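Residue-level listing of the chains:
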Amino acid sequence: VFSNILVPFDDSEHAHAALHLAIDLVGSDPGATIHIVTVASNDIMPPSMLTATGAFGEAPIDYASYETLLTSIAERSDRELHDNVAAILGKDIDAVKAKLVIDTRLAPSPVDGITCYAADHRCDLIIMGRRGLGALRGMLGSVSYGVLRSSEIPVLTVK
Ligand code: ATP
Ligand code: MG
Ligand code: MG
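Residues numbered from 1 in each chain as written. Chains lettered and ligands numbered in written order. Predicted model: local features only at pLDDT ≥ 70, side-chain atom pairs only at ≥ 80, totals over all residues.

Some points on unusual backbone geometry
And step 1. The phi angle at Asp 11 is positive, at roughly 70 degrees, despite the residue not being glycine.
And step 2. Residue placement: Asp 11 occurs in the loop between strand E1 (4-8) and helix H1 (13-26).
And step 3. One non-glycine residue, Arg 122, adopts positive backbone phi at about 50 degrees.
And step 4. As for its position among the elements, Arg 122 is in the loop between helix H4 (110-120) and strand E4 (125-129). (Helix = DSSP H or I, 4+ residues; strand = E, 2+ residues; numbered from the N terminus.)

Things to note about the site of ligand 1
And step 1. Residues in close proximity to ligand 1 total 22 residues, the closest being Pro 8, Gly 129, Gly 132, Gly 134 and Gly 141.
And step 2. Looking at the shell around ligand 1, the elements that each hand over two or more residues are H1, strand E2 (33-40), E4 and helix H5 (142-150).
And step 3. Each residue belonging to the shell around ligand 1 can be placed in one class, and the counts come to 11 nonpolar, 9 polar and 2 charged. (Near = placed C-beta within 6 Å. Nonpolar A, V, L, I, M, F, W, Y, C, P; charged D, E, K, R; others polar.)

Details of the confidence of the model for the protein chain
And step 1. Model confidence for the protein chain is summarised by a mean pLDDT of 87, while 84% of its residues fall at 70 or above.
And step 2. Interface confidence for the predicted complex, expressed as ipTM, amounts to 0.98; the pTM equals 0.87. (pLDDT = per-residue confidence, 0-100.)

Structural notes on the pairing of strand E5 (residues 155-158)
And step 1. With 4 bridges connecting them, E4 and E5 associate as parallel partners. Bridge assignment links Ile 127 to a residue of E5, and that residue is Leu 156.
And step 2. Taken together, E4, H5 and E5 constitute a β-α-β crossover, and its handedness is right-handed. (Pairing = 2+ DSSP bridges. Right-handed = clockwise from strand over helix to strand, strands pointing away.)

Things to note about H1
And step 1. The end-to-end C-alpha separation of H1 is 20 Å, in line with the 20 Å expected for 14 residues at 1.5 Å each.
And step 2. Those residues of H1 that fall on the buried side of the exposure criterion are His 14, Ala 15, Ala 18, Leu 19, Ala 22, Ile 23 and Val 26. (Expected span 1.5 Å × (residues − 1). Buried ≥ 20, exposed ≤ 12 C-beta atoms within 10 Å, placed from the backbone.)

Here we look at the packing of H4 against H5
And step 1. For the pair H4 and H5, the least separation of the axes is 9 Å and the interaxial angle reads 40 degrees. The pairing of H4 with H5 is recorded here as oblique in orientation. Here H4 runs over H5; the crossing is right-handed. Along its contact with H4, which presents Pro 110, Val 111, Ile 114 and Thr 115, the element H5 presents Val 143, Gly 146, Val 147 and Ser 150.
And step 2. When its residues are assigned to classes, the contact of H4 with H5 shows 5 nonpolar, 3 polar and no charged. (Axes fitted to C-alpha atoms, helices over the stretch in contact; angles between N-to-C directions. Parallel < 35°, antiparallel > 145°, perpendicular 65-115°, else oblique. Left-handed = near helix turned anticlockwise from the far one by under 90°. Contact = placed C-beta atoms within 7 Å.)

Focus on the sheet that holds E4
What links the strands of a sheet is backbone hydrogen bonding, and the strands pair in either a parallel or an antiparallel sense.
And step 1. Spatially, the 5 strands line up as an open sheet ordered E3-E2-E1-E4-E5, and their pairing is parallel. Looking along the sheet, the strands with just one partner apiece sit at the ends: strand E3 (99-106) and E5. Pairwise comparison of adjacent strand axes, ignoring direction, gives a mean angle of 25 degrees for this sheet.
And step 2. Bridging between E1 and E2 involves 5 bridges; their strand directions are parallel. Of the residues in E2, the one forming a bridge with Ile 5 is Ile 34.
And step 3. In the packing of H1 onto the sheet, contacts are made with E1, E2, E4 and E5, and the angle to E4 comes to roughly 145 degrees.
And step 4. Contacts from H4 reach E1, E2, E3 and E4 within the one sheet, and its direction differs from that of E2 by about 150 degrees.

And the structure:
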């Protein structure tokens, strides 16, 4: 039924559970694609990186170099994401027939990045954690809440 599943990934326990569920659901289907996507946004960029690059220094960087900075962060995390997903799936990865797309996307916010990615890639299901890396132990994280509120396609939240 589902051929393009988006797993928004922040490396939390919940996101790991979402990834395993996506593999259980369509991993054996060679016609399916699982998109594992981390959104890099300025609200998750460590302040140390902004100061290190002079973003908060005397000479504020212009928008173009800010984009370049974000892009290099995204490229580095693309590589980390590949290694991490391979480590999480372990030898199960050999049994996966579905196509795995692993990517980092730049966006103003995680919610924005997730919903835009889903639209751009014609995803038909989102499987995500109910919570993530945040310290507050509420019922639902703000990213899950935002995606549930704005998504046009079904969203499955995983504990
Ligand atoms: P909050 O961020 O509101 O403090 P939280 O971290 O516990 O709370 P969320 O951030 O909403 O909860 O995380 C819920 C799920 O959203 C995660 O399990 C993951 O699937 C997804 N997610 C969160 N942040 C990102 C991100 N930057 N990129 C991709 N997916 C994300
Ligand atoms: Mg990328
Ligand atoms: Mg979070």
